[in-house]
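An overview of the molecular structure
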Amino acid sequence: MPNKDNKGIKSNENLWEVKMRRCVRWLGLVVGVFMVVGISGVAFSAQEAGFPPNPPQQITLRLLTTAWLSPLHPLADWIGEKGASLYRTRYNKWQKRYPNVKIEEEIVPWEEIGKKFIIMDEAGNSPDVVIVEENFTPELAAAGRLMPLDELLPAGKKEDIHPTLGYLLFWKNQLMALPTGTDARLMFYRKDLFDQAGLSYPTADWTWEDQMEAARKLTFDTQGRHPGESGFNLDRVKQWGYGFCFGRTVHAPLSVYAPNLWQMGGDLVDESGKATFNSPQGVEALNFFVNAVNKYHVSPLAVAGADYPDIEQGFIKGTYAMVRLGSWECTPANLPSYIPDKYGWTEIPTPTDGKDATMSGYWSWAVSSRTKYPQYACALATWFTDVEFMVTMAIQGDLYNQLPMYKSAMKYLPVGSDMAAMTEYELRCAKGFPKLLGGWALWDLMESALSSAVRGTKSPKQALDEAANEYNGKYWVPIKE
Amino acid sequence: MRKSLTDQLWILPAAVLITFLTVYAFVFNINLSFRKYPLYSDIRPFVGVENFRTLLADYFFWASIVRSLKYTVSCTVLAFGLGFLIALLLNTKIRFRGLLRGLFLVPWVLSLVATGILFKWFFQEPDGLVNQYFSLLGIRILPWFSDPALAFGLIVAAFVWRMHPFAMVVLLAALQAVPEELKEAAKIDGAGVFQSFIHVTLPLLLGPILVVIIILSLWAFNTIDLILIMTRGGPGEATNLASYLMYQYAFSYWRFGYAATIGIVLFAVNIILTLLYIRILKPKV
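Notes on the structure in this doc start here.

Parameters at a glance
- Residues numbered from 1 in each chain as written.
- Chains lettered and ligands numbered in written order.
- Predicted model: local features only at pLDDT ≥ 70, side-chain atom pairs only at ≥ 80, totals over all residues.
- Heavy atoms only, no water.
- Helix = DSSP H or I, 4+ residues; strand = E, 2+ residues; numbered from the N terminus.
- Expected span 1.5 Å × (residues − 1).
- Buried < 20%, exposed > 50% of the residue type's maximum accessible area, 1.4 Å probe, protein only.
- Contact = heavy atoms within 4.5 Å.
- Pairing = 2+ DSSP bridges.
- Axes fitted to C-alpha atoms, helices over the stretch in contact; angles between N-to-C directions.
- Parallel < 35°, antiparallel > 145°, perpendicular 65-115°, else oblique.
- Left-handed = near helix turned anticlockwise from the far one by under 90°.
- Nonpolar A, V, L, I, M, F, W, Y, C, P; charged D, E, K, R; others polar.

Residue and element names in this part refer to chain A. In a regular helix each residue adds 1.5 Å, so 15 residues correspond to 21 Å; helix H10 (residues 280-294) covers 20 Å between its end C-alpha atoms and thus fits that length. Where H10 is concerned, the buried positions are Gly-282, Val-283, Ala-285, Leu-286, Phe-288, Phe-289, Val-290, Ala-292 and Val-293. Here the buried face of H10 lies against helix H8 (208-218), strand E9 (237-243), helix H9 (251-263), strand E10 (320-326), helix H16 (440-455) and helix H17 (460-475).

This is the structure:
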């Protein structure tokens, strides 16, 4: 019974107990709510399609990648500090989600990664996940080196891939790799050199003739004479109107020649993979470059031996006023580092009755068929090819070599931005590597043919005919899916 | 006897390992050459001598062999000649001989890859360092990598620049090993400098000369680094040597069987070249 004399204390005690009980009740309610939310969150995450739960024991995934696509050691020199920071953040989130999944990375130069994977796989030592160029995917898939991803992916992911460029990733109608971002071949021009010559900048509706006319005015020798003017000295040219690489580089047939061929309505190969670039359209496309060197004298003979970096350097130095380069040149590590405000880009000029065309290439995440952890390997690939993440990285990092390859990405791109314009261009008219097996001989033969034609040792038709016949007779492998 | 056996026991593990790796690789290569071994397929059938038959009729391959032989002869003659001249110079009592010896060894310090990159930078078109100097001097700039003859000359020059110190070092050591008494005796007998060189010094150098020529030839014939870095076989096929063609078949076209076949033929050519030199020069050694 409460003591009337201790009524206050007892009352206080009773009151205190009541208050304590109430506090405990409220605390229990709050904790319960958090628990419910937390468990729901975890449950939701764990059940998020395509992402298995954290494994009970530690596993290691081996990843073969190249420097600028490395999630563990992103190369800030190439993808900028922002891009690298976003990549690291994304990787940290992966680690938090999968603390028992350790990733071991092996980084190789990008030109060697496909070869490295094939050799490793032949030796029975393949990594679990590999990042490869798209043109390798059919060869890897045909040899059974890649795991089909259809059953492992979240719903809708496969259907979201851009169909025109993404076809290389399918083998026997199964998806073999997930694309990252792509790029586009563009025409870059030096604004300062155009200003000095008093010319308007190129526009998207330029034709081949417009380009050659401007190139003629932008080419001059040490005495200031232009091609076609009396006394013009071809051995003393100080500035060239147009630069392109026709040396021993895959850029020659693909980045430079192929868009012109597609603009004319021709193609590199037919559906069976046989070479068809020696068509009349192919000869006409090649004549554009041959004439640039030998008829209009707006490009030096040096282009016949030039590699892509030679042309890039020449553009930076001001040797060339217009060049054919890739959209990746707009990333912070490239042209903005060397000639900010001095360059511009536009779509590749087309022939008068031709159509728009450009070339796009990309990298993709693939899972080895030898992996012991297919679910986690695919989850890793899916994690780093998440559309929103890739678009955010591309926009915030100014990564113009990561133009979106997923249809759902367009909604994330700022309207009117360079990135949106480049993406719209490549979605509209880009083509990529054809699907070939053991097809690198095609590029070697074409490089040789293109260079010979520009040097004048063979006519364009003869050069292309010889290359096509050699490839079809000796190297062509029918695609049997 | 016991010491000799003990010595052999010590080197036995390394010898076994090297022999195993070499023999195994060779036998595996022979096996590959009798198969179609495309890395873009998991079907690798045994085809007998079909690869060899195809190779016999392969115009590109024989053209590359001819190019390789031209390259080998040019590189060997020039690297040997330059190395020998420098060795003769350093064998005389000139000022700063020690310093010069060090300077002439500098190219040897660089790898072939680094040498290739250096040459590529120097001769880059249209405005690499060399062409820039040409422009300053009012000389016509040259299409170093677009002209087949110039491109071929550049890969020869790169090899000679990098390899001549090897010839220099070996021949200098050999020159310094020639006994002075023999030269003095020849002098006493009335022989001039040239006669002394031809009849006294040169015969004693034939052994090292043979070694230098063989090694330079083998290195030149099997060069791939310079081609990979500088020209990739271009312009056209002007610098596509047989060794590079083998690399292309293996690592670009993924036809390991055919590449192995080329490898066997190149091995045979290497053996023939070596035996040829020994046959020509050994009787005189």
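Take the sheet that holds strand E7 (residues 185-190) of chain A next. Residue and element names in this part refer to chain A. Across the sheet, 5 strands lie side by side as E8-E9-E10-E7-E11; this open sheet has mixed pairing. Each of the sheet's edge strands pairs with one partner strand only, and the pair in question is strand E8 (220-221) and strand E11 (343-346). Inspection of the sheet shows E8 paired to E9 by 2 bridges, in the antiparallel sense. In the strand pairing of E9, Asp-221 is matched with Val-237. Contacting E7 and E10, H9 crosses the sheet at an angle of about 100 degrees to E10.

Residues and elements named next belong to chain A. Reading across from one edge, E2-E1-E3-E13-E6 is the order of the 5 strands in this open sheet, with mixed pairing throughout. Of all the strands in the sheet, the pair left with one neighbour each is strand E2 (101-107) and strand E6 (177-182). Sheet twist, expressed as the mean angle between neighbouring strand axes with direction ignored, is 20 degrees. Bridge count for strand E3 (residues 129-133) against strand E13 (residues 362-367) is 5 bridges, and the pairing is antiparallel. The residue of E13 that forms the bridge with Val-132 is Ser-364.

Residue and element names in this part refer to chain A. Look at H10 against H17: their axes get within 9 Å of each other, and the N-to-C directions meet at 125 degrees. Here H17 runs oblique to H10, going by the angle between their axes. Where H10 crosses over H17, the two elements pack in a sense that is right-handed. Where H10 approaches H17, its residues Gly-282, Val-283, Leu-286, Asn-287 and Val-290 are matched on the opposing element by Pro-460, Lys-461 and Leu-464. Its residues assigned to classes, the contact of H10 with H17 comprises 5 nonpolar, 2 polar and 1 charged.

Residue and element names in this part refer to chain A. With respect to burial, E10 is a largely interior element, 7 of its 7 residues being buried. Note: E7 against E10, 5 bridges, orientation antiparallel. The residue of E10 that forms the bridge with Phe-188 is Val-323. Note: E9 against E10, 3 bridges, orientation parallel. Following the sheet pairing, Gly-243 is matched in E10 by Val-323.

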